[in-house]
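Here are the chains, one letter per residue:
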Amino acid sequence: MKPPTSNKNSAQKITQERQSIDLLKTSESNTLLKIRHSMSHVMAMAVQRLFPQAQVTIGPWTESGFYYDFDNPEPFTEKDLKAVKVEMVKIIKHNLTFDRIEVSREEAEKRIQLQGEFYKLEILAGLVEPITLYTLGEEWWDLCAGPHVSNTKELNPKAFDLESVAGAYWRGDEKKARLQRIYGTAWETPEQLEEYKHRKTEALRRDHRRLGTDLDLFSIEDEAGAGLVFWHPRGARIRLLIEDFWRQAHFESGYELLYTPHIADIHLWKTSGHLDFYNESMFKPMEIDEREYQLKPMNCPFHVLTYASSLRSYRELPIRWAELGTVYRYERPGVMHGLMRVRGFTQDDAHIFCLPEQIRDEVLAVLNLTEYILSAFDFTTYEINLSTRPEKSIGDDSVWDIATDGLIEALNSKGWDYTTDEGGGAFYGPKIDLKIEDAIGRTWQCSTIQLDFNLPERFNLEYVASDGSRQRPIMIHRAIFGSLERFFGIMIENCAGDFPFWLAPEQIRLLPVTDEVLPHCEGLLSQLHRSGVRTTIDRSGDRLGKLIRNGEKNKIPILAVIGMKEAIAGGASLRSRYDGDLGLVTTKTLVRAATLANCKQNSRFLI
């Protein structure tokens, strides 16, 4: 990442970054947006030609395509999708125009009632004037703000595809009508479409849900409830390694660890404001001994209470506390997705309580720690966003200026490019969000650094300043992984289940060719275990070919074949997933190589 240009102050930086955001809106991205939005209308027109009873609802573009939601009496099939695609090609080849028409609310309502499409009435009720609609030829129209291409001849009939049908609820509310959502993708050229399909195929190959089952890492059991993760022994082993690395990195960076309860009296959540602002994402309270208790959706109030448990001096600050704290949040059934969106998960939370003049150094230290931890898991390319003060906010101007300048100075010290979302911060403080890029170019939101002027005020947090006065500390929320579950899912997909040697739940598998070599295998197993190397013996008695295939299927980094030749030589013949056949090595050489590969993150197993 190239270092950003230097700035005199935060206002100048914000202006420059806003201009950078505008520049990113290239003609290419605008063209794709118009193509996809226009293609969604073509699809809706085709559907209603073939299925006259189908009612359209909404049809936006997406990052890679488009979709439209339909209320149709019968479910759409794969055969139906093929027919719709053929009809879309016909529509495109008719060179129909897209025309924008501005109408009164009364005229729009009259048009909708003539169509008998009553979902559009509800959409219309939520629109502010001017009311616009787009026509497609003389046959079809929909309420729409655009943008669109001017004519279907600008759409390439060989550069789109219809991908799937999924269920969706009207307005995203499971209590309302269940609709059918048809997904499609559209590009400028057939070559772009093929590249997209290749990326999609690769993403499916890396899907953490499939790999989680294939590699026996985790499961989500319906009998226990949706969105609750069961870590199987192999997945739990990896989680333990991640946690141990995380803890050691935090100790070395001056943090202390906390353990806090999973529930608390509901009044705590009233004081924190979560009950007012976050209630929809919280589980219902439970009554115990005539008091209401709430499963925690966040760890923050517990760290605040810990700080408030005694009067602090400015000499104690900064205080850095971290916790791998499990939280519980209600997610609607339709949005849960493997490990990426669950109802119970463990956040790698930390909170820093500091003086205003310490913000810059503390944020820089967090950025350094974030880079160190993420790079250990092979994430080294980041997309960084700074969000500044919104129009509605709390706190003094001077504190906001100090906080924002501190974030900017820390980012500039790192030499990291970033964009600025002016006014995009929370009402209680500015923040930095960091997305990581995976092996196939996707970005994932993980790390956050959030300044908070709200909770210290709500809980009346204080420290004794050097002049003896009582002052409010600055509170910094920060997470690096975001949650262990989601990060684990991202990590699985990044490496396609081929974990680096130091993280592999089973690092070496010994493959005895005959029972006669089992004593040698047992001796080698014992030495490797004493050296901290995770090793097993395949005792299935299968032929060597099958033993090797099973090891490769389980993505074991090192397979050690042991026959009479290897037993007599006091060693093993090694096969590496990364480097192929490594030949016959002695037990001493194998133990030394495995131990060295275990000592440093992302190191290779080398003979």
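Within any chain, residue numbers begin from 1 and follow the written order of that chain's sequence. With pLDDT at 70 or above as the cut-off, local features in this predicted model cover only qualifying residues; side-chain atom pairs require 80 or more to be listed or tallied, and sums for whole chains, interfaces and linings still use all residues. Only hydrogens and water are set aside; all other atoms, that is, all heavy atoms of the structure, feed into the side-chain values.

**Focus on the sheet that holds strand β22 (residues 470-471)**
Taken in spatial order, the three strands line up as β14-β21-β22 in an open sheet, and their pairing is mixed. Strands with a single pairing partner mark the edges of an open sheet, and in this sheet they are β14 (312-313) and β22. By the bridge criterion, two bridges tie strand β21 (residues 463-464) to β22 in an arrangement that is antiparallel. Bridge pairing in β22 links valine 464 to arginine 470. Pairing between strands requires that DSSP locate at least two bridges from one strand to the other. Secondary structure elements follow DSSP: runs of H or I no shorter than four residues count as helices, runs of E no shorter than two count as strands, and numbering proceeds from the N terminus.

**Observations regarding the pairing of strand β4 (residues 131-136)**
Counted residue by residue, β4 has six buried out of six residues, so it is predominantly covered. Think of it in three bands: residues with accessible area under 20% of the maximum for their type are buried, residues over 50% are exposed, and the middle band is partly exposed, with areas taken using a 1.4 Å probe on protein chains only. With burial as the criterion, each face of β4 is covered, one bearing Ile131, Leu133 and Thr135 and the other bearing Thr132, Tyr134 and Leu136. Taken together, the six bridges between strand β3 (residues 98-103) and β4 define a ladder with antiparallel strand orientation. Following the sheet pairing, phenylalanine 98 is matched in β4 by leucine 136. Counting the residues between successive antiparallel strands, the hairpin from β4 to strand β5 (residues 140-143) contains three residues, one of them, glycine 137, with a positive phi of roughly 70°.

**Description of the nonpolar core**
Phe377, Ile436, Phe488 and Phe499 are the most contacted members of the largest nonpolar core, which totals 66 residues. Broken down by element, this core gets its largest block of residues, nine residues, from helix α12 (residues 359-376). Any two residues having at least one pair of non-hydrogen atoms within 4.5 Å are treated as being in contact. Non-local contacts of isoleucine 436, meaning those with residues more than four positions away in its chain, are made with Leu374, Phe379, Thr381, Tyr382, Arg442, Thr443, Trp444, Cys446, Phe487 and Ile490. The set of buried Ala, Val, Leu, Ile, Met, Phe, Trp, Tyr and Cys residues whose side-chain atoms join them within 4.5 Å is what this entry labels a nonpolar core. Judged by nonpolar contacts, the second largest core, of 33 residues, contains Val56, Ile91, Trp140 and Leu155.

**A few points about the side chain of asparagine 299**
Position of asparagine 299 among the secondary structure elements: in the loop between β13 (291-295) and α11 (300-308). For asparagine 299, the contacting residues outside a window of four places in its chain are Thr260, Glu323, Gly325, Thr326, Val327, Gln347, Asp349 and His351.

**Topic: helix α6 (residues 190-205)**
Expected helix span is taken as 1.5 Å per residue step, with the number of steps being one fewer than the number of residues. Look at α6: 23 Å from first C-alpha to last across 16 residues, which is about the 22 Å you get at 1.5 Å a residue. Buried residues of α6: Leu193, Tyr196 and Glu202, and no others. Each element contacted by the buried residues of α6 is listed here: β6 (160-169) and β7 (178-186).

**Some words on the pattern of salt bridges**
Take a side-chain nitrogen of Lys or Arg and a carboxyl oxygen of Asp or Glu: if they are within 4 Å of each other, that pair is a salt bridge. This structure, assessed with the given rule, holds 41 salt bridges. A salt bridge links glutamate 202 to arginine 206, with the nearest nitrogen and oxygen atoms 2.7 Å apart. We classify glutamate 202 as buried; its relative accessible area is 17%. When its relative accessible area of 10% is taken as the criterion, arginine 206 is described as buried. The network of salt bridges with common partners includes Arg239, Glu243, Asp244, Arg247 and Glu485.

**Points about the UniProt feature "domain: Aminoacyl-transfer RNA synthetases class-II family profile" (unreviewed entry) in the protein chain**
UniProt positions are given in the numbering used here, feature names are shortened, and annotations may be inferred rather than shown by experiment. Feature annotation in UniProt places "domain: Aminoacyl-transfer RNA synthetases class-II family profile" (unreviewed entry) on residues 209-512, given in this structure's numbering. Secondary structure content for residues 209-512 is 32% helix and 27% strand, while the C-alpha to C-alpha distance between its ends is 32 Å.

**Observations regarding a negative patch on the surface**
Each patch is built from residues that are more than 30% exposed by relative accessible area and take part in no salt bridge. Like charges join if they lie within 9 Å; nonpolar side chains (Val, Leu, Ile, Met, Phe, Trp, Tyr) join within 5 Å. Surface accessibility follows the Shrake-Rupley procedure with a 1.4 Å probe radius. Residue values consider only the protein chains on display as shielding. Charge assignment: positive for Lys and Arg, negative for Asp and Glu; neither His nor the chain ends contribute. Taken as the charge location is NZ of Lys, CZ of Arg, CG of Asp or CD of Glu. On the surface, a cluster of negative charge is made up of Glu287, Asp289, Glu290 and Glu292. For glutamate 287, the location among the structural elements is in strand β12 (residues 286-288). The class of glutamate 287 is exposed, set by a relative accessible area of 64%.

**Observations concerning unusual backbone geometry**
With an omega of 5°, the peptide bond between glycine 146 and proline 147 qualifies as cis. Within the secondary structure layout, proline 147 lies in the loop between β5 and β6. Look at the link from leucine 317 to proline 318: it is a cis peptide, with omega at 5°. Relative to the helices and strands, proline 318 resides in the loop between β14 and β15 (319-328). A positive phi angle, close to 50°, is found at asparagine 95, a residue other than glycine. Overall, the relative accessible area of 42% leaves asparagine 95 in the partly exposed class. Notably, aspartate 289 is not glycine yet its phi reads approximately 50°, a positive angle. Among the structural elements, aspartate 289 can be located in the loop between β12 and β13. Note on aspartate 289: relative accessible area 72%, which makes it exposed.

**Focus on the pairing of β13**
Bridging between strand β11 (residues 263-265) and β13 involves three bridges; their strand directions are antiparallel. Pairing of isoleucine 263 across the sheet is with leucine 295, part of β13. One ladder, built from three bridges, connects β12 with β13; its direction is antiparallel. Paired with methionine 286 across the bridge in β13 is tyrosine 293. Taking the residues that link successive antiparallel strands as the turn, the β12-β13 hairpin has two residues, and the phi of aspartate 289 there is positive, at about 50°.

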